[in-house]
Amino acid sequence: MREPKRIGVLISGRGSNMLSLAAACRSGRINGRIALVVSNKKNAPGLQAAAEMGLQTQFISHRAFDSRDLFDHAVVEALNARRVDLVCLAGFMRLLSPTFIRAFRNRIMNIHPALLPAFPGLRGQRQAIEYGVKVSGATVHFVDEELDHGPIIIQRAVPVGEGDTEETLSERILKIEHEAYPEAVSLFCDGRLRVEGRRVIVAPK
Ligand code: GRF
């Protein structure tokens, strides 16, 4: 068996995806462990929940730095200090600078609540409802310099009904987020992901 990977999770809020990753690490579904949870928001409920699970947590305020680069540098340092192999963005509401992306090239993942490239940016579920699509879902992708743009690892679809609201659709999508994210991270930790241009190739078991 491979050495378990060390995972850093960046959050800004509720942290339910972070908790689904932590649970999957604990149960052995992911061959890895959460080495650090960073929040840029002091009162993020996810930060408290992570601490209650016994995870290492750190609050790094973006307001304490004069530029995005300086903030990102502090976060990269914190991740490196915990020897993090993979960075998972889980409701982290800050754009990453090119310096951060270079430091962890093809080692940063994000989860987005829509089927990219449809509905990037904020409130993907609301955008889907407003557009009138009949299917939406969740996307786990590697992070590159552009917003919600990097190579796609896993996508899962859900139906969108006429009676759906932003809330009901978000709830349906969140359920599949909690399955898709651990699955993608597990593939990474098992060394099964290879990036070729925009395409992610998954090696057979
Ligand atoms: C999720 O919907 C995720 O797709 C998006 O932000 C939300 C974070 O939720 N990037 P949580 O903090 O993981 O509960």
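The coordinates are above.
1. Description of the site of the ligand
Around the ligand, the surrounding shell consists of Arg14, Gly15, Ser16, Asn17, Gly91, Ile111, His112, Pro113 and Glu177. A distance of 2.9 Å separates a nitrogen atom of the ligand from a polar backbone atom of Ile111. Here an oxygen atom of the ligand and a side-chain polar atom of Glu177 are 2.8 Å apart. In the complex, 85% of the free accessible area of the ligand, which totals 370 Å², lies under the protein chains. Mapped onto the shell around the ligand, the elements with two or more residues apiece are α1 (16-27) and β5 (108-112). Classifying every residue of the shell around the ligand by side-chain character gives two nonpolar, five polar and two charged.

2. Description of the pattern of salt bridges
Enumeration according to the criterion identifies six salt bridges in this entry. Note that Glu145 is salt-bridged to Arg105, the shortest N-O span being 2.9 Å. Highlighted residues: Glu145 in the loop between β6 (135-142) and β7 (152-159) and Arg105 in the loop between α4 (98-103) and β5, separated in sequence by 40 residues. Since its relative accessible area comes to 41%, Glu145 is described here as partly exposed. For Arg156, the salt bridge identified is with Glu183, shortest N-O distance 2.7 Å. One end of the pair, Arg156, is in strand β7; the other, Glu183, is in helix α6 (residues 166-189), and 27 residues separate them in sequence. A relative accessible area of 29% places Arg156 in the partly exposed class.

3. Things to note about helix α2 (residues 45-52)
Those residues of α2 lying buried are Gly46, Leu47, Ala49 and Ala50. The buried residues of α2 occupy an angular sector of 165° when projected down its axis, which confines them to one face. Turned more than 90 degrees from where α2 packs its buried face, Pro45 and Glu52 sit exposed. On its buried face, α2 sits against β1 (5-11), α1, β2 (32-39) and β3 (57-59). Positive phi shows up at Gly54, right after α2, with a value of about 85°.

4. What about the nonpolar core?
In this structure, Ile7, Val9, Ile34, Met109, Ile153, Tyr181 and Val185 are the most contacted members of the largest nonpolar core, which totals 31 residues. Elements that contribute at least two residues to this core include exactly β1, α1, β2, β4 (86-89), β5, β6, β7 and α6. Beyond its immediate stretch of four places on either side in the chain, Val9 contacts Met18, Leu21, Ile34, Leu36, Val37, Val38, Cys88 and Ala90. Grouped together as the second largest cluster of nonpolar side chains are 21 residues, Val38, Ala74, Phe100 and Val143 included.

Parameters at a glance
- Residues numbered from 1 in each chain as written.
- Predicted model: local features only at pLDDT ≥ 70, side-chain atom pairs only at ≥ 80, totals over all residues.
- Heavy atoms only, no water.
- Near = heavy atom within 4 Å.
- Polar contact = N/O pair within 3.5 Å; in protein donor to acceptor, adjacent residues only side chain to side chain.
- Areas by Shrake-Rupley, 256 points an atom, 1.4 Å probe, with all protein chains shown as cover.
- Helix = DSSP H or I, 4+ residues; strand = E, 2+ residues; numbered from the N terminus.
- Nonpolar A, V, L, I, M, F, W, Y, C, P; charged D, E, K, R; others polar.
- Salt bridge = Lys/Arg side-chain N within 4 Å of Asp/Glu carboxyl O.
- Buried < 20%, exposed > 50% of the residue type's maximum accessible area, 1.4 Å probe, protein only.
- Arc of directions from axis to C-beta.
- Contact = heavy atoms within 4.5 Å.
- Core = buried A, V, L, I, M, F, W, Y, C linked by side-chain atoms within 4.5 Å.

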